[in-house]
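These are the residues of each chain, in order.
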Amino acid sequence: MAYHGIDALDKKILKMISNDARVAFLEVARACNVSGAAIHQRIQKLTNLGVIKGSQFIINPEKIGYETCAYIGLYLKDPEKFDEVVEELQRIPEVVECHYTTGGFDMFIKIYARNNHHLLNIIHDKLQPLGLSRSETIISFHASIDRQLDE
């Protein structure tokens, strides 16, 4: 992965659009004291470099009935089947992140469930059949910090 040097203007643009992806380019231009065309070109450059990966609406899981957030460390019976397990995890809508990590876990996932009973069902009915030797679950009560990287 290449690091792409960004200047102070790029950083200011990134800060503004990461706080509100719907902010108008003209508003960003005014705040940065440059033309709207310059902002458009900078954002296009940052997108082409892969610094900006897109924009999205962020859904609050609790507001749609998913009250339990859990992080689960997975231990696979056969760690060589990592790619196959990831493909299966992608089919489970409650799994929102999957990481290949250092340490004892073969992989580490983040799940949203409606409640603890639903979480238990996901672990028992959807995760265990993937070939786990065991798992370790951590339930998050609240995210104290939830932000984009701000250089």
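See the structure above.
A quick note: this is a predicted structure, and the numbers were derived from the prediction, not measured. (Residues numbered from 1 in each chain as written. Predicted model: local features only at pLDDT ≥ 70, side-chain atom pairs only at ≥ 80, totals over all residues. Heavy atoms only, no water.)

Visitor: Describe the packing of helix H2 (residues 25-32) against helix H3 (residues 36-48), with residues and values.
Guide: Where H2 contacts H3, the axes come no closer than 8 Å and their chain directions differ by 105°. Classed by the angle they form, the pair H2 and H3 counts as roughly perpendicular. On H3, the residues that touch Phe25, Val28, Ala29 and Cys32 of H2 are Gly36, Ile39, His40 and Ile43. Considering only residue class, the contact of H2 with H3 consists of six nonpolar, two polar and no charged. (Axes fitted to C-alpha atoms, helices over the stretch in contact; angles between N-to-C directions. Helix = DSSP H or I, 4+ residues; strand = E, 2+ residues; numbered from the N terminus. Parallel < 35°, antiparallel > 145°, perpendicular 65-115°, else oblique. Contact = heavy atoms within 4.5 Å. Nonpolar A, V, L, I, M, F, W, Y, C, P; charged D, E, K, R; others polar.)

Visitor: Outline the sheet that holds strand S2 (residues 95-99), listing residues and values.
Guide: Two modes of strand pairing occur in sheets, parallel and antiparallel, and in both the strands are linked by backbone hydrogen bonds. In spatial order, the strands read S2-S3-S1-S4; together these four strands make up an open sheet with antiparallel pairing. The open sheet has two free edges, formed respectively by S2 and strand S4 (132-140), since each of these has just one partner strand. When strand polarity is set aside, the average angle formed by the axes of neighbouring strands in this sheet is 20°. With eight bridges joining them, strand S1 (residues 68-76) and S4 adopt antiparallel strand pairing. Within S4, the position partnered with Leu74 by the bridge is Ser135. (Pairing = 2+ DSSP bridges.)

Visitor: Talk me through the nonpolar core; I want residue IDs and the actual numbers.
Guide: Core analysis: the largest hydrophobic core is formed by 20 residues, its most contacted members being Ile72, Leu74, Leu89, Met107, Ile109, Ile111 and Leu127. Contributing elements (two or more residues each) for this core: S1, helix H4 (82-89), strand S3 (107-113) and helix H5 (116-127). Setting aside residues up to four positions removed in sequence, Ile111 forms contacts with Thr68, Cys69, Ala70, Ile72, Glu94, Val95, Leu119, Ile122 and Leu127. (Core = buried A, V, L, I, M, F, W, Y, C linked by side-chain atoms within 4.5 Å. Buried < 20%, exposed > 50% of the residue type's maximum accessible area, 1.4 Å probe, protein only.)

Visitor: Which residues make up the packing of helix H1 (residues 8-19) against H2, and what values do they have?
Guide: Contact geometry of H1 with H2 gives a least axis separation of 10 Å together with a crossing angle of 135°. Classified by the angle between their axes, H1 and H2 sit oblique to one another. The chirality of how H1 crosses H2 is right-handed. Between H1 and H2, the residues in contact are Leu9, Lys12, Ile13, Met16 and Ile17 and Glu27, Val28, Ala31 and Cys32, respectively. (Left-handed = near helix turned anticlockwise from the far one by under 90°.)

Visitor: Explain the packing of aromatic side chains residue by residue, including any values.
Guide: Applying the stated criterion to the full structure yields four aromatic pairs. Consider the rings of Tyr71 and Phe108, whose centres lie 6.1 Å apart with planes at 15°: the pair is stacked. Taken as a pair, Tyr71 in strand S1 and Phe108 in strand S3 lie far apart in primary sequence, 37 residues in all. By the ring-pair criterion, three or more aromatic residues cluster together here, those being Tyr71, Tyr75, Phe105 and Phe108. Stacked on the ring of Tyr75, the Lys or Arg Arg134 has its end atom at 4.0 Å from the ring centre. (Phe/Tyr/Trp six-rings, centres within 6.5 Å; stacked < 30°, edge-to-face > 60°. Lys NZ or Arg CZ within 6 Å of the ring centre and 35° of its normal.)

Visitor: Break down H2 for me, with residues and values.
Guide: Taken residue by residue, H2 has Val28, Ala29 and Cys32 as its buried positions. Down the axis of H2, the buried side of the element spans an arc of 100°, and every buried residue falls inside it. In the core, the buried residues of H2 are packed alongside H1 and H3. Trailing H2 by a residue or two, Asn33 shows a phi angle of about 65°, which is positive. (Arc of directions from axis to C-beta.)

So, to be careful, I would describe these as geometric facts and stop short of saying anything about function.
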